[in-house]
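Here's the letter readout for the chains.
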Amino acid sequence: GAGAAASAGDDRFQLPGFLEKYFSEEKAVEQLPLARIQHEEEKVLGGPENTLMKGIRQIARLDGLLAAREAAGSAKLQAAQQELEATKDRLKREAEAIERKKIEVLHKLKERGLIRGSAAPSGRTSVASTALNSARSSVAGGGGGGEDEEEEEDEEDE
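Residues numbered from 1 in each chain as written. Predicted model: local features only at pLDDT ≥ 70, side-chain atom pairs only at ≥ 80, totals over all residues. Heavy atoms only, no water.

S.K.: Honestly, the overall build of the protein in this entry has me stumped. Any pointers?
M.R.: Helix and strand counts for the protein stand at seven helices and zero strands. Helices and strands appear in the protein in the N-to-C order α-α-α-α-α-α-α. Buried residues in the protein amount to 9% of all 158 residues. When contacts within the protein are restricted to residue pairs at least 6 apart in sequence, long-range pairs at least 24 apart make up 21% of them. Accessible area for the protein stands at about 13000 Å²; split by element, carbon and sulfur atoms hold 57% of it. (Helix = DSSP H or I, 4+ residues; strand = E, 2+ residues; numbered from the N terminus. Buried < 20%, exposed > 50% of the residue type's maximum accessible area, 1.4 Å probe, protein only. Contact = heavy atoms within 4.5 Å. Areas by Shrake-Rupley, 256 points an atom, 1.4 Å probe, with all protein chains shown as cover.)

S.K.: Just to check I follow, could you spell out the pattern of salt bridges for this structure?
M.R.: By the definition in use, this model includes four salt bridges. Across the pair R90 and E94 runs a salt bridge, and its minimum N-O distance is 3.1 Å. With R90 and E94 both in helix 5 (residues 51-111), this residue pair falls four residues apart, about one helical turn. Judged by relative accessible area, E94 falls into the partly exposed class, the value being 38%. Measuring nitrogen to oxygen at the nearest pair gives 3.6 Å for the salt bridge that ties E99 to K102. With E99 and K102 both in helix 5 and three residues apart, the pair spans about one turn of that helix. Residue E99 is classed as partly exposed on the basis of its relative accessible area of 38%. With a relative accessible area of 45%, K102 lands in the partly exposed category. (Salt bridge = Lys/Arg side-chain N within 4 Å of Asp/Glu carboxyl O.)

Structure below.
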């Protein structure tokens, strides 16, 4: 290829040696592994393979590759779904355990007298309920003695 171009005349383009493998079948078989494999396949099959058979084999290889990737993807998806369900179950159990501990602590506080009846969301009794309890105790106790008891309980809360 390149030698013939050079002998035809110096004014013609001469192909660089490193590009000959892309334009010369003989050089391609020598230097390119894919061309060598295709050349060997042609020898084994007894001549050049027709385009239809080559296309069918290539499609079969691609189908196999696609099936393998799809199977791997499905396995990953199934593993991720199982991990998600396990994590959901674990978090649900943890939330239930935390709720049980919270109720247990609230019962202990109630038993100790730190919380009366239903507490305000902050865990302390509101000013209005404390004032109402003070008024009831002063009426029922007949004097200011009930108010002192309420103040002592409020100081324990703090």
